[in-house]
Amino acid sequence: MKKEDCFYLGKIVKKYSFKGEVLAKLDTDQPELYEHLDAIFLELRNNLVPFFIERSQLHKSELLRLKFEEVDTEADADAIMKSALYLPLELLPKLEGNKFYFHEVIGFTITDTHFGTVGTIKGINDSTAQALFEIDRDGIEILIPMNDEFISNVDRSTKTITVTTPEGLIDLYL
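As the structure is a computational prediction, the values presented were derived from the model and not from experiment. (Residues numbered from 1 in each chain as written. Predicted model: local features only at pLDDT ≥ 70, side-chain atom pairs only at ≥ 80, totals over all residues. Heavy atoms only, no water.)

Points about the packing of aromatic side chains
Within this structure, the stated rule accounts for four aromatic pairs. Centre to centre, the rings of Phe-7 and Tyr-34 are 6.3 Å apart; their planes meet at 55°, and the pair counts as tilted. With a gap of 27 residues between them, Phe-7 in strand 1 (residues 6-15) and Tyr-34 in the loop between strand 2 (22-26) and strand 3 (39-44) connect regions that are remote in the sequence. Classification of Tyr-34 by relative accessible area gives buried; the value is 6%. On the numbers, 5.4 Å between centres and 65° between planes, the contact of Phe-51 with Phe-68 is edge-to-face. (Phe/Tyr/Trp six-rings, centres within 6.5 Å; stacked < 30°, edge-to-face > 60°. Helix = DSSP H or I, 4+ residues; strand = E, 2+ residues; numbered from the N terminus. Buried < 20%, exposed > 50% of the residue type's maximum accessible area, 1.4 Å probe, protein only.)

A word on the layout of surface pockets
Approximately 1,100 Å³ is the volume found for the largest pocket. In terms of lining residues, the largest pocket is bounded by 24 residues, among which Asp-29, Leu-95, Phe-100, Tyr-101 and Phe-102 are the most central. Looking at which element gives the most residues to the lining of the largest pocket, the answer is strand 1, with three residues. A per-class count over the lining of the largest pocket returns 15 nonpolar, four polar and five charged. (1 Å grid on protein atoms, 1.4 Å probe; cavity = no way out; pocket = protein on both sides within 12 Å on 5 of 7 lines; lining within 4 Å. Points joined across faces, edges and corners; volume = space filled by probe spheres on them. Nonpolar A, V, L, I, M, F, W, Y, C, P; charged D, E, K, R; others polar.)

Regarding the sheet that holds strand 8 (residues 116-125)
Strand pairing in a sheet takes place through backbone hydrogen bonds and is either antiparallel or parallel in direction. What the six strands build is an open sheet, ordered 10-9-8-7-12-11; its pairing is mixed. The two strands at the open ends of the sheet, each matched to only one other strand, are strand 10 (140-145) and strand 11 (151-155). Going across the sheet, the axis of each strand differs from the next one's by a mean of 35°, ignoring polarity. (Pairing = 2+ DSSP bridges. Axes fitted to C-alpha atoms, helices over the stretch in contact; angles between N-to-C directions.)

This is the structure:
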């Protein structure tokens, strides 16, 4: 399985027992969706390796307690500490309306209700306090905050996101 065919689910953050159990912090608003998985991919030495799950349960609401097959000791658990967890993209729940996954909108066209066509989304910057659309307009990068108040419509059929940005925001870049 290639990383681009998967989505990041979370990371193993600590050991739970001396029998190889670990706790994973999930990067999701709905951790209960991932409570009964059969298998998951762990990123080990830049490769995605499948691990089969013996049992799992939510722990203190946001952590997932995992017991993997063939991870039976503290040493086994140490070997997978801090590993990122991935699942195939087809396991992502479908989103409706104006909700979307970041990877899903790459390549969409951004149109502003006042400005017109802004450009094409080439990435999402979520390392700032507020996530930003990174838009390419003929070689010029335009950044628009991913604010629910700005996003008017997400049209998956035409691959277009319509935004209403404050007057002058887009002109700052041109």
